[in-house]
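# Topology and contacts: notes
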Amino acid sequence: MSQKILVIEDDRTTADFIVKSLTGEGFVVDHAADGRDGLFHATDGSYDAIVLDRMLPGMDGMAVLAALRAAKVATPVIILSNLGAVDARVEGLTSGANDYLVKPFAFSELLARLKLLIAKPSGGTQVETTLACEDLEMNLLNRRVTRAGQRIELQPREFRLLEYLLRHKEQVVTRTMMLEGVWEYHFDPGTNVVDVHVSRLRRKVDDGFDKPLVHTIRGAGYMLGKAG
Amino acid sequence: MRRGFFQSTTIRLALALLLAQVAALALGLTVIHRFTAATILADARTAAEVARDDFAEEYRQEGEAGLVRAIRDRLAARDDRNFVVLLKGPGGVPLIGNLEQWPATLGDKERWRRISLFREGGTAAEEMGLVTRRLDADHVLLTGEVLEAQVQLARASQAAFLYALAAGILIATVVAALAAWILSRRVDAFARAASAIASGRLDARVERDETGDAFDRLGTSINAMLDRIEALVGELRMVTDSMAHDLRSPVSRMKATLEQALGRTRDPNATAALAAAIDEADSLHRLLDTALEISRAEAGIGRDQFARFALAPLLDDLAEVYGPLAEDEGFAISVDAPAELEVVAHREMLLRALSNLIDNALKYAGGGSAIRLSAARVGTDVELRVADDGPGIAEGQIGEAAKRFVRLDPARGGSGAGLGLSLVETIAHMHDGRMAIARADPHGTIVTLRLPVAA
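Residues numbered from 1 in each chain as written. Chains lettered and ligands numbered in written order. Predicted model: local features only at pLDDT ≥ 70, side-chain atom pairs only at ≥ 80, totals over all residues. Heavy atoms only, no water.

Just so we agree on the cut-off: UniProt positions are given in the numbering used here, feature names are shortened, and annotations may be inferred rather than shown by experiment.
Taking an unreviewed UniProt entry as the reference, chain B is identified by name as histidine kinase belonging to Sphingopyxis soli. Per UniProt, chain B carries the Subcellular location (unreviewed entry) text "Membrane". The annotation that UniProt attaches to chain B under Catalytic activity (unreviewed entry) is "ATP + protein L-histidine = ADP + protein N-phospho-L-histidine."

In the nomenclature of an unreviewed UniProt entry, chain A corresponds to Response regulator transcription factor from the organism Sphingopyxis soli.

See below:
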């Protein structure tokens, strides 16, 4: 069963690129070129996620979002914006968006975030006590991490980083997603701080084992899981 | 440093008012004094002249003996204790009178002389006005009045002047203070609006009282000016936003094209080139981002997101995030901040500023080994410091460092377009604070942010 995505974007090149790339990933994609049209499509509620440009002719992206939420449509929305400033992000998130992406974005970033939004369990609030990937196990209660039964000692932040990766295993996570999810940094420091953290974690998790679990995805970010 | 008390316009105005009032008072009292004194003098002169004419008539009719008798009677009558008389007989001998002797400087045809003399039995010289007349070859007559009233008047005037002055100063002070207060109150309305504007609240306006007076008219025109400024800033913001739109969209498309190409090729050379081009597109994006961030922070956008938070955890976080990277570059990051120090500030922006500073230290403090992050409370200000022990900036280049698009040593290369420190400074301004760069002792760089944000 393929998932349906609605793309509301007025810039043709960007829209074409998103639609083509998402279709290539196996999504069913509809496109609306202005706010009114987009809102009309979105209100039927059959989409798994909506990609919404902030600056739109006719009806502004934020107005579309407000109208959607007012109509009790809970479809996850990811905002695309040229306004990189921090306050624009906050404004987007407080007015009901689920995520926020600043142009120019890498498609891999959009894809990673979309998958995350769609995969999010809608109601399941059961408390997890262990996370695992292959032979790597993390006990959230006593904060022990083992691989193939061997104990791995982690610093608190390394623990949180690994926890983040485990919660999104088999999914590509980007550097900015990690900055937001692990460190709550909502800007890109522009240096390779994340890479250094990941490479340290990788040494502890993968060194001495045949099958590496931490993978670098070129041009996108990282992924925890089976080789691929 | 404040300038002196007397340089204050309000105080000067009050003093000028006070001086004017005292001067007016002095002038008024002097005029009254003069007129009164002139009248008293005229009375005295008339009395002297009348006595002289009476005695001359007496002498013409009764001769020397008659005149002496008349003078004696007059002196005995004591009806005028200020009366002065002296009759000089043959050989210049005083015949009768209440002066001890004929004053040497006095001629025999004086029309009105004021002179200080001793009266008979007097203990002090008294100011008197005199007239003289030669009665015949042997006799000369002197009559006059001691100017006692004149002296009393002078004393009274002096006292009156002092009392009036004291009261005048009191009234003038009150009036001056009142005037200063009224003025200050009106001017404060302008000051409030101006400082609100300066701190970025562009919708602030001068409160008007609708009286249509000069202040009210000034307020009207200042408000008109502020409307214009607000409109211009709004336009500027729109221009930067649409510039972002216009500049980023091509970058976005370029990056998309590159990514698609990257996905299609297996050629390792092409892959490397495409990856490098994507990196460049990312740097371009960050540069646009930073430039936009600066112009928006300069316009005071984001002030509504000030919140209260503790500094120590923020610095610890930074040290933790940058720790591994710093270690790889040969630095150790240490934090020194009191646990209870809280600020009301834009957390993200502060984080950004400090990140930039740590980044700079990592890039430019090559050879150093320590980066110190510290925070301290200084009065109601907070001082945030990022210090390294690298080679430091040359003394002459410190001023250049914060300029936009300036890179002190182009040979060092690296990413960034010299916007880093400029953004840090703008973030300091956004918090009404300032950034200072100094050389550390014996070497290294200290960047200090002093912000009036202590909670």
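## Concerning the overall build of chain A
Convention followed: In DSSP terms, a helix is any run of H or I states spanning at least four residues, a strand is any run of E spanning at least two, and both are numbered starting from the N terminus. The cut-offs for exposure are 20% and 50% of the maximum accessible area for each residue type, with area from a 1.4 Å probe on protein chains only; residues under the lower value are buried, those over the upper are exposed, and the others partly exposed. Pairs of residues are marked as contacts when any of their non-hydrogen atoms sit within 4.5 Å. Only the protein chains shown count as cover for residues, and the accessible areas themselves come from Shrake-Rupley with a 1.4 Å probe.
Looking only at helices and strands, chain A features eight helices and 12 strands. Within the span of chain A, comprising 228 residues, buried residues form 53% of the whole. Partitioning the contacts of chain A with sequence separation of at least 6, the portion at a separation of at least 24 is 58%. Approximately 10200 Å² of chain A is accessible, and the part contributed by carbon and sulfur atoms is 49%.

## Section: unusual backbone geometry
In this chain, Asp-441 of chain B is followed by Pro-442 of chain B through a cis amide linkage whose omega measures 0°. Residue position: Pro-442 of chain B is located in the loop between β11 (434-439) and β12 (445-451). Although it is not a glycine, Lys-72 of chain A sits at a positive phi angle of roughly 65°. Along the chain, Lys-72 of chain A turns up in the loop between α3 (61-70) and β4 (77-81).

## Focus on the sheet that holds strand β10 (residues 172-174) of chain A
All names here are of chain A. Here is the rule: A strand pair is defined by DSSP finding two or more bridges across the two strands. Lines fitted to C-alpha atoms define the axes, with helix axes restricted to the stretch in contact, and inter-axis angles between N-to-C directions lie between 0 and 180 degrees.
A sheet is described by the order of its strands in space; here three strands give the open sequence β10-β12-β11, paired in antiparallel fashion. The sheet is open, and its two borders are formed by β10 and β11 (214-217), each paired with just one other strand. The mean inter-strand angle of the sheet, taken between neighbouring strand axes irrespective of direction, is 35°. Where β11 and strand β12 (residues 221-224) come together, four bridges link them in antiparallel fashion. By the bridge assignment, Thr-216 is partnered in β12 with Tyr-222. Helix α7 (residues 175-183) contacts β10 and β12 of the sheet and is inclined by roughly 75° relative to β10. Those strands touched by helix α8 (residues 193-206) are β11 and β12, and its axis lies near 145° from that of β11.

## So, the pairing of strand β2 (residues 94-97) of chain B
Residues and elements named next belong to chain B. Direction of pairing for strand β1 (residues 83-88) relative to β2: antiparallel, over a ladder of three bridges. Bridge assignment links Leu-87 to a residue of β2, and that residue is Ile-96. Between the end of β1 and the start of β2, which pair antiparallel, lie five residues, with Gly-91 showing a positive phi angle near 75°.

## A look at the packing of aromatic side chains
The geometry of two aromatic rings is summed up by the distance between their centres and the angle between their planes. Residues and elements named next belong to chain B. For the record, the criterion: Each aromatic pair joins two rings of Phe, Tyr and Trp (for Trp, the six-membered one) with centres within 6.5 Å, and gets the label stacked for planes under 30 degrees apart, edge-to-face for over 60, and tilted for any other angle.
The tally for this structure, following the rule as stated, stands at two aromatic pairs over all chains. Arranged with centres 6.1 Å apart and planes meeting at 55°, the rings of Phe-55 and Phe-83 form a pair that is tilted. Within this pair, whereas Phe-55 is found in helix α1 (residues 9-77), its partner Phe-83 is found in strand β1, the two being separated by 28 residues in sequence. Judged by centre distance (6.5 Å) and plane angle (50°), the rings of Phe-190 and Phe-215 are tilted. A residue pair is termed long-range when its members are at least 10 positions apart, and Phe-190 in helix α2 (residues 148-198) and Phe-215 in helix α3 (residues 214-264) qualify at 25 residues. For Phe-190, a relative accessible area of 14% gives the class buried. Of the residues examined, Phe-215 reaches a relative accessible area of 25% and is grouped as partly exposed.

## Concerning the nonpolar core
Our working definition: Among buried residues, those of type Ala, Val, Leu, Ile, Met, Phe, Trp, Tyr and Cys that are joined through side-chain atoms within 4.5 Å constitute a nonpolar core.
Ranked by size, the top nonpolar core spans 82 residues in total, and within it Leu-162 and Met-178 of chain A together with Leu-311, Leu-318, Tyr-322 and Leu-384 of chain B carry the most contacts. Setting aside anything within four residues of it in sequence, one finds Leu-384 of chain B in contact with Leu-311, Leu-315, Leu-350, Ser-374, Ala-375, Val-447, Thr-448, Leu-449 and Leu-451 of chain B.

## Some remarks on the environment of Leu-68 of chain A
Tracing the sequence through the fold places Leu-68 of chain A in helix α3. C-alpha separation for the pair Leu-68 of chain A and Gly-96 of chain A, spaced 28 residues apart in sequence, amounts to 9.2 Å.

## Remarks on the UniProt feature "modified residue: 4-aspartylphosphate" (unreviewed entry) in chain A
Residue and element names in this part refer to chain A. UniProt records the feature "modified residue: 4-aspartylphosphate" (unreviewed entry) for Asp-53 in the present numbering. You can see Asp-53 is positioned in strand β3 (residues 49-53). In this structure, Asp-53 is in contact with Ile-8, Glu-9, Asp-10, Gly-61, Leu-80 and Lys-103, ignoring residues within four places of it in sequence.

## Some details on the sheet that holds strand β10 (residues 381-388) of chain B
Think of a sheet as strands paired side by side through backbone hydrogen bonds, with each pair either parallel or antiparallel. All names here are of chain B. Spatially, β7-β9-β10-β12-β11 is the arrangement adopted by the five strands of the open sheet, whose pairing is mixed. A single partner strand is all that each edge strand has here, and the edge strands are β7 (332-336) and β11. Across the sheet, the mean angle separating the axes of adjacent strands is 15° when strand polarity is ignored. Helix-sheet contacts for helix α5 (residues 311-328) involve β7, β9 (370-378) and β10, and the interaxial angle to β7 is about 175°. Along the sheet, helix α6 (residues 347-364) contacts β7, β9, β10 and β12; its crossing angle with β10, the most-contacted strand, is approximately 25°.

## Digging into the pattern of salt bridges
Threshold: Only one rule defines a salt bridge in this text: a Lys or Arg side-chain nitrogen within 4 Å of an Asp or Glu carboxyl oxygen.
With the rule as written, the count across this model stands at 34 salt bridges over all chains. Arg-205 of chain B is the partner of Asp-227 of chain B in a salt bridge, and the nearest nitrogen-oxygen pair spans 2.7 Å. One end of the pair, Asp-227 of chain B, is in helix α3; the other, Arg-205 of chain B, is in the loop between α2 and α3, with 22 residues separating them in the sequence. Under the relative-accessibility criterion, Asp-227 of chain B is labelled partly exposed at 42%. A relative accessible area of 24% means that Arg-205 of chain B is categorised as partly exposed. A salt bridge links Arg-385 of chain B to Glu-383 of chain B, with the shortest nitrogen-to-oxygen separation between them at 3.2 Å. Judged by its relative accessible area of 35%, Arg-385 of chain B is partly exposed. Linked by salt bridges that have partners in common, Asp-99, Glu-109, Arg-113 and Glu-180 of chain A make up one network.

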